[in-house]
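Structure assessment
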Amino acid sequence: MQTTSNSNPTMNQVLAGRRAVVTGASRGIGRAIAEGFAAAGAAVGCLARNEMHLAEVEVAIRAGGGTACRQVCDVSAVKQVDDAMASLAERLGGLDILVVNAGIELEKATVADSDPAKWAAVLNTNLIGAYHCLRAATPFLRVSGDGRVIVVGSGMGHKGAGGSSAYCVSKAGLWMLTRVFAQEVVDQGIAVNELIPGPVDTDMTRWSATQGERPANWATEWFKQPEEVVPLALFMAGQPAGGPTAQSYSLMRRDN
């Protein structure tokens, strides 16, 4: 778990000198953001549950001349999160940017037919896990004095979708947590905003499609690759001090 360094910064490295932690960084949107931030000059701490996939991300960032370290962690376990955030911040030399991305969806079922344990597990990762990460990262973001938090939300947390109550509720709660946390830390130089990717080709959406749950209105959506979310994440991470906070930025149709 060694940190590697980038010795050839370029003019387009808008995050040069910044230190970022990305949760759920082993695949999908999290991996794309971790690699995109590294390419933009940030030193990136990659956090997820899967050691093998995390190692692949670290190697990929190194191969591109970037800076990376990794830490295995289950965000639903508060002690693991506390230890992981402290370890990554130490190895990165501080923390300026946190991307709260780790999330799961375990089943498609109505409320009446859902499994209570699986329902709770989704909230424990998507909402309570996000709370653990925000809480653990706050002391390091305060020291930065110019912190950015990007919370990866979902349009389903704003509109809802039948058969996905746990996921929708977790993301709705996450949007409220984003706004409340932003209010609490705005005077500490920390901006907190939500990024809604819209439909993205990931393992989660492929699983949803096999369950016959792909919404009909996705026909008019931009069904994108994870890498296509990165420009918006970079825009949010690169906002000036005193810039927008408690805002939601979306790559999906607002009428969905």
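Cut-offs and rules
- Residues numbered from 1 in each chain as written.
- Predicted model: local features only at pLDDT ≥ 70, side-chain atom pairs only at ≥ 80, totals over all residues.
- Heavy atoms only, no water.
- Helix = DSSP H or I, 4+ residues; strand = E, 2+ residues; numbered from the N terminus.
- Buried < 20%, exposed > 50% of the residue type's maximum accessible area, 1.4 Å probe, protein only.
- Polar contact = N/O pair within 3.5 Å; in protein donor to acceptor, adjacent residues only side chain to side chain.
- Contact = heavy atoms within 4.5 Å.
- Phe/Tyr/Trp six-rings, centres within 6.5 Å; stacked < 30°, edge-to-face > 60°.
- pLDDT = per-residue confidence, 0-100.
- Pairing = 2+ DSSP bridges.
- Axes fitted to C-alpha atoms, helices over the stretch in contact; angles between N-to-C directions.
- Expected span 1.5 Å × (residues − 1).
- Arc of directions from axis to C-beta.
- Right-handed = clockwise from strand over helix to strand, strands pointing away.
- Parallel < 35°, antiparallel > 145°, perpendicular 65-115°, else oblique.
- Left-handed = near helix turned anticlockwise from the far one by under 90°.

A closer look at the side chain of R18
If you trace the backbone, R18 turns up in the segment before β1 (19-23). Judged by relative accessible area, R18 falls into the buried class, the value being 15%. Among the polar contacts made by the side chain of R18, one reaches the main-chain carbonyl oxygen of D146 at a distance of 2.8 Å. Once you skip the residues sitting within four places of it in the chain, R18 turns out to touch A42, A43, D96, I97, S144, D146 and R148.

Some remarks on the packing of aromatic side chains
Tallied over the full model, the rule gives 1 aromatic pair. Centre to centre, the rings of F235 and Y249 are 6.0 Å apart; their planes meet at 70°, and the pair counts as edge-to-face. On the criterion of sequence distance, the pair formed by F235 in helix α8 (residues 230-237) and Y249 in strand β7 (residues 248-250) is long-range, its members being 14 residues apart. A relative accessible area of 42% places F235 in the partly exposed class.

Re the confidence of the model for the chain
Note: predicted coordinates in regions of low pLDDT should not be interpreted at a detailed level. The share of residues in the chain with pLDDT of 70 or more is 88%, and the mean pLDDT across the chain is 90. Predicted confidence is poor over residues 1-11, with pLDDT under 50, and the contacts of this stretch with residues over four places away or in other chains come to 25 contacts.

Thoughts on the environment of A246
Counting through the fold element by element, A246 comes out in the loop between α8 and β7. On the basis of relative accessibility, which here comes to 24%, the residue A246 falls in the partly exposed class. The sequence separation of A246 and A191 amounts to 55 residues, and the corresponding C-alpha distance is 7.4 Å. Excluding residues that lie within four positions of it along the chain, A246 makes contacts with W175, R179, A182, V192 and N193.

Some thoughts on the sheet that holds β7
Strand pairing in a sheet is mediated by backbone hydrogen bonds. Such pairs are either parallel or antiparallel. Taking strand neighbours across the sheet as the criterion, the 7 strands line up as β3-β2-β1-β4-β5-β6-β7 in an open arrangement whose pairing is parallel. Two strands bound the open sheet, and with one partner strand each, they are β3 (67-72) and β7. Geometrically, the sheet is characterised by an average inter-axis angle of 20° between neighbouring strands, direction not taken into account. Summarising the sheet, strand β5 (residues 147-152) and strand β6 (residues 190-196) pair through 6 bridges and their orientation is parallel. Bridge pairing in β6 links R148 to A191. Where helix α3 (residues 78-92) meets the sheet, it contacts β1, β2 (43-48), β3 and β4 (97-100), and its direction lies at approximately 160° from that of β3. Strands in contact with helix α4 (residues 116-144) are β1, β4, β5 and β6; relative to β4, the strand with the most contacts, it is inclined by about 170°.

A closer look at helix α2 (residues 51-63)
One turn of an α-helix holds 3.6 residues; hence residues three or four places apart share an orientation. Taking 1.5 Å per residue as the helical rise, α2 with its 13 residues ought to reach 18 Å, and the 18 Å between its terminal C-alpha atoms agrees with that figure. Every buried residue belonging to α2 is among L54, V57, E58 and I61, and all of these are buried. In a view along the axis of α2, the buried residues occupy a sector of 95°, so they form one face of it. For α2, the exposed residues lying more than 90 degrees away from the buried face are M52, V59 and A63. Buried positions along α2 lie against α1 (28-39), β2 and β3. At the N-terminal end of α2, a side-chain oxygen is found 3.1 Å from the backbone nitrogen of M52, two or three residues along, and the residue is N50. With its phi angle positive at about 85°, G65 sits one or two positions after the end of α2.

A word on α8
Looking at α8, one finds that the buried residues are V230, L232, A233, M236 and A237. End-on view of α8: buried residues confined to an arc of 160°, all on one side of the axis.

So, the pairing of β3
Each regular strand shows side chains that alternate between the opposite faces of the sheet. Across the 6 residues that make up β3, a large majority, 5, are buried. Here 6 bridges tie β2 to β3, and the two strands are oriented parallel to one another. Looking across to β3, one finds that C46 is bridged to R70. Chirality of the crossover, the property in question, places the unit of β2, α2 and β3 among those that are right-handed.

Thoughts on the packing of α1 against α8
Helices that pack against each other are described as a pair by the angle of their axes relative to one another and the distance between those axes. Across the interface, α1 lies against α8 with an axial gap of 9 Å and an inter-helix angle of 55°. Classified by the angle between their axes, α1 and α8 sit oblique to one another. Considering how the two elements wind past one another, α1 and α8 form a crossing that is right-handed. Touching A32, I33, G36 and F37 of α1 are V230, A233, L234 and A237, all from α8.

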